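Take a look at the letters that make up each chain.
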Amino acid sequence: MAQKCAIGLITAVAASVSLSQSKVAAADGPFTFPPANPQQQAASSPPSTAGEESSAPPPPPRARNDNPRTSSGGFDPEALERGAKALKEINNSSYAKNVFESIKQQEETKQTEFAAKAQEYKAMQAQAETERQKVIYDEHKKLAQHQAQTKSQMARYEDDLARKRMQACNFNHTFRASFLHSKRCCCAENEYHRTRNQELVKMQEDSAIRQEQARRATEEQIQAQRRQTEREKAEIERETIKVKAIAEAEGRAHEARLAEDVNRRMLVDRANAEREKWVAAINTTFDHIGGGLRAILTDQNKLIVAVGGATALAAGIYTTREGAKVIWSYVDRILGQPSLIRESSRGKYPWSGSVSRVMSTLRGKGSAASNGKGFGDVILHPSLQKRIEHLANATANTKSHQAPFRNMLFYGPPGTGKTMAARELARKSGLDYALMTGGDVAPLGSQAVTKIHQLFDWGKKSKRGLLLFIDEADAFLCERNKTYMSEAQRSALNALLFRTGDQSKDIVLALATNRPGDLDSAVADRVDEVLEFPLPGEEERFKLLSLYLEKYIAQAGPRKPGLFDRLFKKEQQKIEIKGVTEELLKEAAAKTEGFSGREIAKLMASVQAAVYGSEDCVLDSVLFREVVDYKVAEHQQRRKLAGTDSK
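Note that the structure is a prediction, hence the values are computed from the model and not measured.

Scoring rules and cut-offs
Residues numbered from 1 in each chain as written. Predicted model: local features only at pLDDT ≥ 70, side-chain atom pairs only at ≥ 80, totals over all residues. Heavy atoms only, no water. Helix = DSSP H or I, 4+ residues; strand = E, 2+ residues; numbered from the N terminus. Buried < 20%, exposed > 50% of the residue type's maximum accessible area, 1.4 Å probe, protein only. Contact = heavy atoms within 4.5 Å. Core = buried A, V, L, I, M, F, W, Y, C linked by side-chain atoms within 4.5 Å. Expected span 1.5 Å × (residues − 1). Arc of directions from axis to C-beta. UniProt positions renumbered as here; feature names shortened; annotations may be inferred. Pairing = 2+ DSSP bridges. Axes fitted to C-alpha atoms, helices over the stretch in contact; angles between N-to-C directions. Phe/Tyr/Trp six-rings, centres within 6.5 Å; stacked < 30°, edge-to-face > 60°. Lys NZ or Arg CZ within 6 Å of the ring centre and 35° of its normal. 1 Å grid on protein atoms, 1.4 Å probe; cavity = no way out; pocket = protein on both sides within 12 Å on 5 of 7 lines; lining within 4 Å. Points joined across faces, edges and corners; volume = space filled by probe spheres on them. Nonpolar A, V, L, I, M, F, W, Y, C, P; charged D, E, K, R; others polar. Patch = residues over 30% accessible without salt bridge, like charges linked within 9 Å, V, L, I, M, F, W, Y side chains within 5 Å. Areas by Shrake-Rupley, 256 points an atom, 1.4 Å probe, with all protein chains shown as cover. Salt bridge = Lys/Arg side-chain N within 4 Å of Asp/Glu carboxyl O.

J.: When you look at the overall build of the protein chain in this model, what are you seeing that I'm missing?
T.: Helices and strands together make up the secondary structure of the protein chain, namely 18 helices and 8 strands. Split into buried and exposed, the 647 residues of the protein chain put 26% on the buried side. Considering only contacts in the protein chain between residues 6 or more positions apart, those separated by 24 or more positions represent 77%.

J.: So what exactly am I meant to see when it comes to the side chain of Arg541 here?
T.: With respect to the helices and strands, the residue Arg541 is situated in helix 14 (residues 538-554). Setting aside its immediate chain neighbours within four residues, Arg541 contacts Pro536, Ala589, Ala590, Thr592, Glu593, Gly594, Phe595 and Ile600.

J.: Sorry, what's going on with the nonpolar core here?
T.: Across soluble globular proteins, nonpolar side chains have a tendency to be buried as a group. Ranked by internal contacts, the top residues of the largest apolar core, which has 31 residues, are Ile452, Leu468, Ile470, Phe476, Leu477 and Leu511. Going through the elements one at a time, strand 3 (432-437), helix 11 (448-460), strand 4 (466-471), helix 12 (487-499), strand 5 (507-513) and helix 13 (521-525) are the ones with two or more residues in this core. When near neighbours in sequence (up to four residues on either side) are disregarded, Ile470 contacts Met436, Gly438, Phe476, Leu496, Leu509, Ala510, Leu511 and Ala512. Ranked by size, the runner-up nonpolar core spans 27 residues in total, among them Leu585, Met604, Val611 and Leu623.

J.: In this structure, what is going on with helix 11? I would like to understand it.
T.: One full turn of an α-helix is made of 3.6 residues, so residues set three or four places apart face in the same direction. Taking 1.5 Å of rise per residue, 13 residues should cover 18 Å, and helix 11 covers 19 Å from first to last C-alpha, within 8% of that figure. Looking only at helix 11, the buried set comprises Ala448, Ile452, Leu455, Phe456, Trp458 and Gly459. Taken end-on, helix 11 shows its buried residues confined to a sector of 160°, consistent with a single buried face. Next to the buried residues of helix 11 lie strand 1 (343-344), strand 3, strand 4, helix 12 and strand 5.

J.: Would you take a moment to explain the UniProt feature "coiled-coil region" (unreviewed entry) in the protein chain for this structure?
T.: The residues that UniProt annotates with the feature "coiled-coil region" (unreviewed entry) are residues 208-242. Split by type, residues 208-242 is 100% helix and 0% strand. Its first and last C-alpha atoms lie 51 Å apart.

J.: Please clarify how the sheet that holds strand 3 should be interpreted in this entry.
T.: Across a sheet, paired strands are connected by hydrogen bonds in the backbone, their directions being either parallel or antiparallel. Here we have 6 strands laid out as an open sheet, ordered 1-3-4-5-2-6, and mixed in their pairing. In this open sheet, the two strands that pair with only one neighbour each are strand 1 and strand 6 (529-532). Judged from the 4 bridges that link them, strand 2 (residues 408-411) and strand 6 form a sheet pairing that is parallel. Each residue of the ladder has a partner; that of Met408, found in strand 6, is Glu529. Each of strand 2, strand 5 and strand 6 touches helix 9 (residues 382-400); the most contacted strand, strand 6, lies at about 150° to it.

J.: What exactly am I supposed to notice about the packing of aromatic side chains here?
T.: The geometry of an aromatic ring pair is captured by the separation of the ring centres together with the interplanar angle, meaning the angle of the planes. Counted according to the given criterion, the structure contains 3 aromatic pairs. On the basis of an interplanar angle of 45° and a centroid distance of 6.4 Å, the ring pair of Phe410 and Phe469 is categorised as tilted. Placement of Phe410 in strand 2 and of Phe469 in strand 4 is noted, with a sequence separation of 59 residues between them. Using a relative accessible area of 0% as the deciding quantity, one classes Phe469 as buried. An angle of 10° between the planes, with centres 5.7 Å apart, marks the rings of Tyr548 and Tyr552 as stacked. Taken together, the residues span about one helical turn, with Tyr548 and Tyr552 both in helix 14 at a distance of 4 residues. A relative accessible area of 22% means that Tyr552 is categorised as partly exposed. In textbook terms, an aromatic cluster arises when at least three aromatic residues are bridged by ring pairs, as seen for Phe410, Phe469 and Phe533. Lying across the ring of Phe542, Lys586 places its NZ or CZ 5.9 Å from the centre.

J.: Where do I start with empty space enclosed by the protein in this structure?
T.: Any empty space left between atoms is shown by rolling a water-sized probe over those atoms. This structure, assessed with the given rule, holds 1 cavity of 30 Å³ or more. Within this model, the largest cavity holds a volume of roughly 40 Å³. Along its surface, the largest cavity is lined by Ala144, Gln147, Ala148, Lys151, Thr218, Gln221, Ile222 and Gln225. Contributions of two or more residues to the lining of the largest cavity are made by helix 5 (96-179) and helix 6 (186-298). When the residues that make up the lining of the largest cavity are grouped by side-chain class, the tally is 3 nonpolar, 4 polar and 1 charged.

J.: What's the story with a nonpolar patch on the surface in this structure? I'm lost.
T.: A contiguous nonpolar surface patch, about 820 Å² in accessible area, is contributed by Trp278, Ile282, Phe286, Ile289, Leu293, Leu297, Leu303 and Val307. When contributions to the nonpolar patch are tallied by element, the ones reaching two or more residues are helix 6 and helix 7 (300-335). The leading source of residues in the nonpolar patch is helix 6, at 6 residues. Take Trp278: it is sitting in helix 6.

Laid out in structure tokens, this is it:
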């Protein structure tokens, strides 16, 4: 408010000063004005004669001055006094700097407006130049049309003259022919007429050719002039657009520079204010801290109390942390999931697995319904699949009749679906599922026996029963008479044999290995069902290719957009499939002989990567065949290297 008042006072002072200067300039100019005082006017005028006095008109009445502060001439010195007083108040006020800064900003704003008007004037000049060039172009066009019309008229006139001459010539020849008709025979007369007719026809044709040539030349000249005029017009328009764009860019750059300067000054002022505030706060904080430390160090009782409180706080924090660790380890050991378990349908704690079991059950039903045969996404040989379904039904009935479970052994090449089959077996039989790896037992050392006992104790707590799947079982269940087997591994094997010595009603043991001959004889004796998982045949490979084509290609593009996609409007590109038919999949199934299910899944993942690497994100038969041939060659090279290593 103070700044606005100061600005108003300065404006009033400036107006008064300008008014006084204008009056002074008028007084100093070449014109003479009557003085403000009538007495001075009377004194300055020369004495007149008596005759002049009698003939001169009476003087005009004196103007009345109602404002005692002003003179009779109308000048008011009060404005100057108020202006001087306001300037003194502004100079003594704390807002003087802000007032002058505001005046400076107003002047800069006016300069910016003047520059913008200058740019507009330049643009108007460019537009006027464009209009002038357009008028010149129209005049040139009219002139060319007039010239073409004149030439056309001249050509018609010349053609009329030639036609008249031809008619006169025809008349003379006709007269001469009639004169000689009596002297010549009829045959010679006919020959003469025929010759003349041919000449006339030839002359008419030559005249028509000349007219056509003249017309074409005129049209070509008109077209050339029209093209030249269009090129000049386009050049003028380009220059106009260029000048206008340069003017607009210069105006925007000037405005940006002004705005940048203003923002920079504001940021500098704000940073200085923040720095001063933080420096003051830091100084105050250190002053308080220094005062407190001086008070503690000078007073022995306060020093003892401070040291004792800090010691007690540190001891309490350490005791609380260590006690929480001990309590949590006890709870985790009693209620938690064993560390050997890598994957399980049960939660880590009893209360955390209910939701996951419900979701897995729903997903299992959905996948079974989509497959049509009720065995999820597992593609196996029909005989093997039938046997696994029979085992699942038998296991479910065994659980309902409280009969002991039967242990299983899955063996075969890597990637043939042993783990997926065990998971589907547990789902269809209604059991919980837990997966561990034999390679995790050896690093435990002496703790392996304890962990195995904890694992079986945890499995017995399952109310539904547990299918314990041990992948790579030959890693710690191998023959005990081998020299490289450590004592801890033998103890772990003995612990597992002890827990599986009798038929269990709580745990189904499912072992998976690529080398069944390396298992210990006692372990093989505890296996009731042995299932071989061979490499998929051509029909199974065709089904796997169809399955993973649908999973990795057809369903890869559209998905529910996330928060990042909605914020940045990121479009999701869908893969388009062209020419990939069942015949092509059957051809690929024939080429991929010897592939496991995992290798086929990796092959389709490579197809997906190749599609995403293309420009148009389209999968066609050429790209599909190229990726299949590459992966087949890679598979053969890997088998060759494996054969070399075995040798």
